Amino acid sequence: MKSRIRDLREDNDLTQQQVADAIGITQRKYSYIETETQPLTAELLCKLADLYNTNIDFILYRTNNAERI
């Protein structure tokens, strides 16, 4: 299954490097998170939600409503 954070990144026309820089990690670590090789921490989850102006539940597939609460 394609990850939602990858979908968000592609929908925003961002590279993995741009997202990694924005959330303060390396591109390699971001790649591992995007491919689910490495787990997504709560801290990074919050940073991604802020970056994409969406809610955490949307990123975690708990809802299909991307609006920030």
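Colleague: Where do I start with helix α3 (residues 27–34) in this structure?
Modeller: Residue pairs spaced three or four apart in an α-helix point in one direction, given the helix's 3.6 residues per turn. Within α3, the full set of buried residues consists of Y30, S31, I33 and E34. Down the axis of α3, the sector holding all buried residues measures 160°, keeping them to one side. Residues of α3 that are buried sit in contact with α1 (4–11), α2 (16–23) and α4 (42–52). Phi turns positive, to about 65°, at E36, one or two residues after α3.

Colleague: Whenever I open this one, the packing of aromatic side chains confuses me. Can you help?
Modeller: A ring pair, where both rings are aromatic, is described by two values, the distance of the centres and the angle of the planes. Across all of its chains, the model carries 0 aromatic pairs by this definition. The ring of F58 has R4 lying over it, and the distance from NZ or CZ to the ring centre is 4.0 Å.

Analysis parameters
Residues numbered from 1 in each chain as written. Predicted model: local features only at pLDDT ≥ 70, side-chain atom pairs only at ≥ 80, totals over all residues. Heavy atoms only, no water. Buried < 20%, exposed > 50% of the residue type's maximum accessible area, 1.4 Å probe, protein only. Helix = DSSP H or I, 4+ residues; strand = E, 2+ residues; numbered from the N terminus. Arc of directions from axis to C-beta. Contact = heavy atoms within 4.5 Å. Phe/Tyr/Trp six-rings, centres within 6.5 Å; stacked < 30°, edge-to-face > 60°. Lys NZ or Arg CZ within 6 Å of the ring centre and 35° of its normal.

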